[in-house]
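Structural characterization, general
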Amino acid sequence: MPEVDERILVESKDAEGITESEVSNNAGRLLNVNMLLDTVKDKETRWNKNIRIDDWQDKAFVSGDVDVSVYGRVIEEKQIYTKSSDDEGGENIEKEESVEEIDIFKVGNNASRETDSRNVTISKTVDKVESINCVDDFHKRPSVKPEGVDEGYNSISEDKKKADNFLKLKLETEEILRKEALDRLASDNFRKGHKLFYYPEIVEPDRDIEIFFNRSFSTLKFEPDVIIMGAFNDWKWKSFAINLSKTQLNGDWWSCKVYVPREAYKIDFVFYNGNDVYENNDEQDFCITVEGGMDGFDFENFLLEEKRKEQEEVMRRKAERERQVEEQRRIEAEIVESEADRAQAKEEVAKRRGMLQELLKDAVTSFVNVWYIEPTEFGANDRVRLYYNRSSGPLSHAKDIWIHGGHNHWKDGLSIVSKLIKSESKDGDWCCADVVVPDQAVVLDWVFADGPPKQAVVYDNNLLQDFHAIVPKSIPGELYWVEEEQQIYKSLQAERRLREEALRAKAEKTVRLKEETKERTLKTFLLSQKHIIYTDPIDVHAGSTVTVFYNPANTVLKGKSEIWLRCSFNRWTHRMGLLPPQKMIPIENGSHLKATVKVPLDAYMMDFVFSEREDGGIFDNKNGMDYHVPVFGGVVKEPPMHIVHIAVEMAPIAKVGGLGDVVTSLSRAVQDMNHNVDIILPKYDCLKHSNVKDLQFHKSYSWGGTEIKVWTGKVEGVSVYFLEPQNGLFWVGCIYGRANDGERFGFFCHAALEFLLQSGFHPDIIHCHDWSSAPVAWLFKEHYMHYGLSKARVVFTIHNLEFGANLIRKAMEFSDKATTVSPTYAQEVSGNSAVAPYLFKFHGILNGIDPDIWDPYNDKFLPVPYTSENVVEGKRAAKEALQEKLGLEKSDLPLVGIITRLTHQKGIHLIKHAIWRTLERNGQVVLLGSAPDPRIQNDFVSLANQLHSSHGHRANLCLTYDEPLSHLIYAGADFILVPSIFEPCGLTQLTAMRYGSIPVVRKTGGLHDTVFDVDHDLERAQACGLEPNGFNFDGADGAGVDYALNRAISAWYDGREWFDSLCKRVMEQDWSWNRPALDYLELYHSARK
């Protein structure tokens, strides 16, 4: 018998009443049983017969209600290796080395490890095992290979019977041990007043356990029914409710079995009577720890993975429903369109039928002394000879006579063309031609001419009535018209489907281009911080591990001996909290440091700050904004913010300048990023109501003794609330220009905040704009922040500091964050007294343009739609259309476009100089714009007249506003000139690049931030993730304009291939709101910190 681990004897001494020899004997007997079972299993494997015997040892551990472990005792598996002896025998005896796996059952401590000195004995039934004789000899007996299959089968069957008997004895023994353990545990826990115990003591996942509850020690002691109600993992997983049954154990013990799922690390439960009486462990609930499975973190990840699968299934079902709805819509639309095609075919047939009847009235087979046809009876596809008396009409002196003919009222245009020859068989001035009657011809139509088509000069067209002849054998019957209708119907259907397919393909391409642009912009956004921070990979996905790279040389931590990364997720709100500080390590060949971070499955954003020490010190937190990197593919999405814009302009319904464009386009862009956006706007009597969808009355409220009516509607997909005070402040026919504008807009600001309060709104951000809604900032802080709108933060944007500086100064003071419309303009105004004290919260964020409004691929005002793929062809067609529309010479010359308000801010003296310079360089120039100052307007009228006289074929000044013409200029011009003296942002140069036109600008404000000179700004462009895209100049005189304009025109003349590639490049740059919206969202989040 193999040696038994001596630890068995040591551990078993805790069980009083069992001697070392008894333990040794009983353990040895069980050992022999297991050895024999293994032998049977080994023989079955070696014989490799068709009849398989299951792993009986494994069955013994899991079958029935018996668990090989004993509650309160330690079970240990010990690997014992023995080598079989080499028996002396015949040649048929196989020698092999057998490795036996032996399970040794040890008797250990009970659940509480406090077993008293009561006798613990092993039932005499165990002695039955002693009937096994010479197990060790059996194990060592050599295996003799049988001569036949039957002999081998009988041997295995006999061994299996023995194994069955041994297994039965083993299970009986274990059940006895189990019952004795339960009796002891019940007695111990009853004596100690414990309400419950469980079996086995070590609870593992994917197993059943028995829970025992003492009713007499609980609030349920008089209740006839006891039910366990529970779940797993802090009540987060798989709830259950099971009735308990009275047991035979001493004391009032009730029990049930509970399956522990593989995901469990804890069991939580209470007991109750099925109604309203509970035993919940003094409101603490009962719990049992599950060992050897998941921990809490693993379980959270498991739940997230399950949630991901659920979301994917929900999305799949949603997509399928949408597909089915779309398919049903398509079918219904097809039915409607098909019916319309059928109706149109019927209408067309009726029309043709009526026309044919009219023609038949006048149609003949000959006209005396003018023409006739032989033979007189003919039909479709017949060859006939047509005679014509040339002396009967205007062709009497023509050298040649031609027939230009068709059929059925010229249905298919020209289908008969032939030259007539002089008739040899007819006296007089007759000539003839042989022609084939067209298929389906009912009436022949023709004229005579002195030459073939496109070369004839003189015609005989029967006094403008043409000639018509009946085809006698082709007078259509009813069947003809039925077939004609069917043919027309099929033709209409085919044409419609081609149109629909073209529209569908165009729409799909538009969506694809927008998505590709968004992806490129996001990547540019992520790489824009690369000189300080970036990740590998750039696109961070939930559940992945990423490396964070940081360059302290470009931050306040420059020169620090250590850098520590502090990281969390979801804008510092993640369930894991702040990760432990991590010391960053240097990378090879660079100034960046790196650290590795595991991204959880429920992350949608990574958050970083950096410090000089593990315990803090100096921090780099990006000037209070923190560093953030978006995470893709997470099971949790970023919660939407609610942003409310309070503004006095909104494009296109109430637009005066760029402010209206920003309010609309920024709102749309942020809304497209799954946030909630509303706009509050005065209800002017001059609103463009045609651009408001679903305008309807919403409510009325009072403020300041005035009733204010509220209307709602959608503008460009954004929800708008229109406030209409009944005091008439906004019934004045204009937006600006009244002497009491300050009073009007001040009332509106207060009314807007009152509307939010009375309507129960709780926005995260209130965004106000320029001097006209600046009062919102301090009115909110003084009157509303502590009275119902405490959640909101105020963001204020300066669009133009030239107006309302005092109001802007006060708004800067009270706002939580402030912006202006470009970084360079922010620097230019940083010394202004309205701004200087608040630079710590002042940021420059570029404006963008709306890519749906300005889209050359879907622009209805252009002759040819185009993208960067066919920009050359598209712009060529647009230039030709523009030249034709404005009466310019149709020639391939460089064309400079100017689209502007004619004010001193826009550099009108530079505009005049540029017009003459362009003409000197043999270019063409087009100006579109008007001046609010009558003196400036009259000055440009005089210039327009002068140019019309001297350069009418190369210059045209349109001194008004014309929306369709502006689109055609953006597309048809080679260059767009923007020589502003100051320009906070500027949208003209951005729109120009959207249409592939090259901007020529003065370096100021947003013009400097968006136009990078092809000769001087390569590094500056690359730092922004871009390539050079235009021409710029300093100064504010003619020499500055000449420097940029001359280089631009020379580039056009000298390198057309290079210039065309530049047009393609600027079209592919993204100047939409994709990037600015990301910057504004970061600002909004920062304001809420």
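For the structure itself, look to the data block above.
Our subject in this report is the structure included herewith. (Residues numbered from 1 in each chain as written. Predicted model: local features only at pLDDT ≥ 70, side-chain atom pairs only at ≥ 80, totals over all residues. Heavy atoms only, no water.)

**A closer look at the overall build of the chain**
Scanning the chain from N- to C-terminus turns up 23 helices and 46 strands. Taking all contacts inside the chain whose residues are at least 6 apart in sequence as the whole, residues at least 24 apart take part in 70%. If you sum the accessible surface of the chain, you get close to 52700 Å²; carbon and sulfur atoms cover 49% of it. (Helix = DSSP H or I, 4+ residues; strand = E, 2+ residues; numbered from the N terminus. Contact = heavy atoms within 4.5 Å. Areas by Shrake-Rupley, 256 points an atom, 1.4 Å probe, with all protein chains shown as cover.)

**Brief notes about unusual backbone geometry**
In the segment running from Glu374 into Pro375, the intervening peptide bond is cis, with an omega of -5 degrees. One can find Pro375 in the loop between strand E13 (371–374) and strand E14 (383–389). Ala651 connects to Pro652 through a cis peptide bond whose omega is 0 degrees. Mapped onto the secondary structure, Pro652 falls in the loop between strand E32 (642–646) and helix H8 (658–672). Positive phi, close to 65 degrees, is recorded for Asp285, a residue that is not glycine. Structurally, the position occupied by Asp285 is in the loop between strand E10 (278–279) and strand E11 (286–289).

**What about the pattern of salt bridges?**
Under the criterion given, the structure shown has 67 salt bridges. Across the pair Asp252 and Arg215 runs a salt bridge, and its minimum N-O distance is 2.9 Å. Of this pair, Asp252 sits in the loop between strand E7 (245–246) and strand E8 (253–260) while Arg215 sits in the loop between strand E4 (207–214) and strand E5 (227–232), and the two are 37 residues apart along the sequence. Judged by relative accessible area, Asp252 falls into the buried class, the value being 12%. Between Asp741 and Arg744 there is a salt bridge, with the nearest N and O atoms lying 2.6 Å from each other. (Salt bridge = Lys/Arg side-chain N within 4 Å of Asp/Glu carboxyl O. Buried < 20%, exposed > 50% of the residue type's maximum accessible area, 1.4 Å probe, protein only.)

**Let's talk about the packing of helix H9 (residues 741–758) against helix H11 (residues 775–784)**
H11 packs onto H9 with a crossing angle of 45 degrees between their chain directions and a minimal axis gap of 9 Å. Taken together, the axes of H9 and H11 are oblique relative to one another. Every pair of crossing elements has a handedness; the one defined by H9 and H11 is right-handed. Along its contact with H9, which presents Cys749, His750, Leu753, Glu754 and Leu757, the element H11 presents Pro775, Val776, Leu779, Phe780, His783 and Tyr784. When its residues are assigned to classes, the contact of H9 with H11 shows eight nonpolar, two polar and one charged. (Axes fitted to C-alpha atoms, helices over the stretch in contact; angles between N-to-C directions. Parallel < 35°, antiparallel > 145°, perpendicular 65-115°, else oblique. Left-handed = near helix turned anticlockwise from the far one by under 90°. Nonpolar A, V, L, I, M, F, W, Y, C, P; charged D, E, K, R; others polar.)

**Regarding helix H16 (residues 934–951)**
Taking 1.5 Å of rise per residue, the 18 residues of H16 would be expected to cover 26 Å, and the 25 Å separating its terminal C-alpha atoms lies within 8% of that figure. Considered for burial, the residues of H16 that qualify are Ile936, Gln937, Phe940, Leu943, Ala944, Leu947 and His951. On an axial view of H16, the arc spanned by its buried residues comes to 120 degrees, and they lie on one face. Away from the buried face of H16 by more than 90 degrees, exposed residues Pro934, Arg935, Asn938 and Ser949 are located. Those residues of H16 that are buried lie in contact with helix H15 (908–920), strand E42 (924–928) and strand E43 (955–958). The N-cap residue of H16 is Asp933: its side-chain oxygen and the backbone nitrogen of Arg935 are 3.0 Å apart. (Expected span 1.5 Å × (residues − 1). Arc of directions from axis to C-beta. Polar contact = N/O pair within 3.5 Å; in protein donor to acceptor, adjacent residues only side chain to side chain.)

**Focus on empty space enclosed by the protein**
For the structure shown, the criterion picks out five cavities of 30 Å³ or more. Roughly 80 Å³ of volume is contained in the second largest cavity. Leu526, Leu527, Gln529, Ile533, Tyr534, Thr535, Ile538, Tyr627, His628 and Val629 are the residues that line the second largest cavity. Elements with a contribution of two residues or more to the lining of the second largest cavity: helix H7 (478–527), strand E22 (533–536) and strand E31 (627–632). Partitioning the lining of the second largest cavity into residue classes produces seven nonpolar, three polar and no charged. (1 Å grid on protein atoms, 1.4 Å probe; cavity = no way out; pocket = protein on both sides within 12 Å on 5 of 7 lines; lining within 4 Å. Points joined across faces, edges and corners; volume = space filled by probe spheres on them.)

**Section: the pairing of strand E35 (residues 706–715)**
Sheet analysis places strand E34 (residues 693–703) next to E35, joined by eight bridges and oriented antiparallel. From the neighbouring strand, Tyr701 faces E35, where its bridge partner is Ile708. In this structure, the hairpin formed by E34 and E35 is closed by a connection of two residues, where Gly704 is found at a positive phi of approximately 60 degrees. Sheet analysis places E35 next to strand E36 (residues 718–725), joined by eight bridges and oriented antiparallel. Bridging from a neighbouring strand, Lys714 pairs with Ser719 of E36. Between E35 and E36, which pair antiparallel one after the other, the connecting turn spans two residues, and Glu716 there sits at a positive phi close to 55 degrees. (Pairing = 2+ DSSP bridges.)

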